[in-house]
Amino acid sequence: MVNISSINLKNLYKIANICKICFSALGVGTCFTTKRGDGSNTMSLSVFDIFRVGIGPSSSHTVGPMTAAHSFVGTLLQRDLLQTTERVKVQLFGSLGATGRGHGSPKAVMLGLEGETSETADPAAIPARVARLRQEQRVNLLGRKSIAFVEARDLLLEPQQSLPLHANGMQFTAFSASETILHQHQYYSVGGGFVVDQQAATQGQLQSQRDTPPHEFNSAAQLLAIAAKTGLSISQIMLENELHWGEQAAVYDGLDRLCQVMSDTIERGLTTQGVLPGGLHIKRRAPQLYTQLSSELGNRQSDGLAALDWVSLYAMAVNEENAAGGRIVTAPTNGAAGIIPAVLRYFTDTQFGHSQVNAIQVNSPTQVNPSHVSAGHTAGNRAMDNHAIDNHARQRQSSRRFLLTAAAIGILYKKNASISGAEVGCQGEVGSACSMAAGALAEVLGGTPEQVENAAEIAMEHNLGLTCDPIGGLVQVPCIERNAMAAIKAISAARLALRGDGKHLVSLDKVIQTMRETGRDMKDKYKETATGGLAAHGLEVPVNIIEC
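What you are looking at is a predicted structure, and each value in this text was computed from that prediction instead of being measured. (Residues numbered from 1 in each chain as written. Predicted model: local features only at pLDDT ≥ 70, side-chain atom pairs only at ≥ 80, totals over all residues. Heavy atoms only, no water.)

A. Representation of the state of the cysteines within the structure. For the coordinates displayed, the defined rule picks out zero disulfides. With no disulfide partner, C468 has as its closest neighbouring cysteine sulfur the one in C426, 5.4 Å distant. Accessibility expressed as a relative area gives 9% for C468, which makes it buried. (Disulfide = S-S within 2.5 Å. Buried < 20%, exposed > 50% of the residue type's maximum accessible area, 1.4 Å probe, protein only.)

B. Main features of the nonpolar core. Ranked by internal contacts, the top residues of the largest apolar core, which has 103 residues, are F51, I340, F402, L403, Y413 and L441. Residues within four places of L403 in sequence aside, it is in contact with V47, F51, L255, L258, C259, M262 and I340. Grouped together as the second largest cluster of nonpolar side chains are 32 residues, M66, L82, L141 and A174 included. (Core = buried A, V, L, I, M, F, W, Y, C linked by side-chain atoms within 4.5 Å. Contact = heavy atoms within 4.5 Å.)

C. Geometry of the sheet that holds strand β8 (residues 195-197). A sheet is described by the order of its strands in space; here five strands give the open sequence β5-β2-β6-β7-β8, paired in mixed fashion. Edge positions in the sheet fall to β5 (155-158) and β8, since each of these pairs with one other strand and no more. Between one strand axis and the next, the sheet turns by 20° as a mean value, whatever way the strands run. Strand direction decides the pairing type here: strand β2 (residues 87-93) and β5, joined by four bridges, are parallel. (Pairing = 2+ DSSP bridges. Helix = DSSP H or I, 4+ residues; strand = E, 2+ residues; numbered from the N terminus. Axes fitted to C-alpha atoms, helices over the stretch in contact; angles between N-to-C directions.)

D. View of unusual backbone geometry. Looking along the chain, the bond that leaves G56 and enters P57 is cis, with omega of 10°. When you line up the elements, P57 lands in the loop between β1 (52-55) and α3 (59-78). Omega for the peptide link from V477 to P478 comes to 10°, which places this bond in the cis form. Positionally, P478 belongs in the loop between α18 (449-461) and α19 (479-498). Positive phi outside glycine occurs at Q137, with the angle close to 55°. Positionally, Q137 belongs in the loop between α6 (126-136) and β3 (138-141). Taking relative accessible area as the criterion, Q137 reaches 38% and is therefore assigned partly exposed. Here the phi dihedral of H281 falls at roughly 60°; this positive angle occurs in a residue that is not glycine.

E. Representation of the pattern of salt bridges within the structure. Enumeration according to the criterion identifies 20 salt bridges in this entry. Across the pair R129 and E116 runs a salt bridge whose closest N-O atoms are separated by 2.4 Å. With R129 in helix α6 and E116 in the loop between α5 (105-113) and α6, the pair connects residues that are 13 residues apart, well separated along the chain. Judged by its relative accessible area of 22%, R129 falls in the partly exposed class. Note that R257 is salt-bridged to E119, the shortest N-O span being 2.8 Å. Of this pair, R257 sits in helix α11 (residues 248-271) while E119 sits in the loop between α5 and α6, placing them 138 residues apart in sequence. A relative accessible area of 40% means that R257 is categorised as partly exposed. (Salt bridge = Lys/Arg side-chain N within 4 Å of Asp/Glu carboxyl O.)

F. How the structure looks around helix α20 (residues 508-521). Between its first and last C-alpha atoms α20 spans 20 Å; for 14 residues at 1.5 Å apiece the expected length is 20 Å, and the two agree. Of all the residues in α20, the buried ones are L508, V511, I512, M515 and G519. Buried residues in α20, looked at end-on, bunch into an arc of 105°, giving them a common side. In α20, those exposed residues whose orientation departs by more than 90 degrees from the buried face are K510 and D521. (Expected span 1.5 Å × (residues − 1). Arc of directions from axis to C-beta.)

G. Structural view of the packing of α11 against helix α12 (residues 286-296). Where α11 meets α12, the closest approach of the two axes is 6 Å, and the angle between their N-to-C directions is 90°. Classified by the angle between their axes, α11 and α12 sit roughly perpendicular to one another. Contact residues: G269, L270 and T271 in α11; A286, P287 and Y290 in α12. When grouped by side-chain class, the residues that make up the contact of α11 with α12 number four nonpolar, two polar and no charged. (Parallel < 35°, antiparallel > 145°, perpendicular 65-115°, else oblique. Nonpolar A, V, L, I, M, F, W, Y, C, P; charged D, E, K, R; others polar.)

H. View of the pairing of strand β7 (residues 181-189). Across seven bridges, strand β6 (residues 169-175) lies against β7 in antiparallel orientation. Looking at β7, one finds that Q171 is bridged to Q186. Counted between consecutive antiparallel strands, the loop separating β6 from β7 contains five residues, among which E179 sits at a positive phi close to 70°. Summarising the sheet, β7 and β8 pair through three bridges and their orientation is antiparallel. Residue pairing for β8: Y187 is matched across the bridge by D197. In textbook terms, the turn of a hairpin is the stretch between consecutive antiparallel strands, and for β7 and β8 this stretch comprises five residues, one of which, G191, has a positive phi near 105°.

This is how it looks when you write it as structure tokens:
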């Protein structure tokens, strides 16, 4: 028997990696949370941490590597090493090495080295730009220092090796002209676009400059206790926390922008045709489905489930855009980006006079600018205009409440489990998003905090054990349809919770703990390595030659 106490931590990591031993079983812990060793949470998270504007196809494999690369060259600049750097070597380990090519990680790294961020990069310009970088075999670090960058030599995928603290590890090394190491740093992409360096990862926490908000919560039980004490809803609790860090106008503008990006992504997905990149030759289905459903409006009055077809359409439209590398909102990840926008759109469609259930038009309520209301309108016209203005204002306020509530639930998953498919499987991505959407829908439909918690719990309870098994390492099959199914499940969970009084046997905290433990016990081949599940049996596609 090996005496574990006699092995230093570095060697323990090596043994665990070789033997495929789960670190958690050894007391080290693989699920990256924001907990200290004493179990207390240290990180105050914002709605704008949970929801971020980015690009597809993956928050952990595209957004994360781009952010890490940008951070690394930023450090070189800060340390006055940029001008003496003549070569940069990048290594992507574990899940990043296994499915990074299918998720566009190499392209993301090159763009990050050049100073791009996922929020500012132009998705339409990326293919031509990356083609030029590969042809010239050069990158311009932060736009300030051009160096040779030979992808086969300088960007290495290491699927058989893992860094000790997370499946999505990266190492960046800067060399001088004499090949002397100027700087070397490790990063971890821990889901949802979050990136931490080795120091923060060792401490098990995310880096943040925020101070403690008035309603800090680390569990659903604490969140419900705050609601009971203050009389506030979940969204109001989140809003007061956000207003502690920012001005109301900025918070509202940020929430409205997230809603607008979600809406824009749906609209692009509804009308953009073609084949998704990557080699699977998957045809976009959303435009054809949109045409079919639009032609049926007014002809299916008796179909009580017609609205659900639209929900599926919205989710698929977003995830087809994500799979194509388009602009999306991580909600809370890219792989699950279609669920929350689809459920939010379902709510606004059915609550603000444009319901598919009643076979009315599908567009969002018209946005009316009060300054455009003419003084010459009749009293009847003015009343109609005012109603439209009020309707839009109510929709906008409800959408903000929806995102705030969803973020509160997402924070619980981020703090106490994981939203990374590489850590806990798809239950951490699609499962978390389904839970967030269910709780948010329950709130905007008038649910109590207890009913919101119940809805979130129901949704996750029936996503437990969901594997992350993308065929070819691409966020296409089964990911696109999986978002559609989860959006429907979120609506069903919210409706079930609203029929009850919020009392139930299994708490949201317990189901989050169960999700984390299930992910810990899950074999690696079911956690975004594209080596198990549908990835192994759906189609024979080597993941190391595909890139989208």
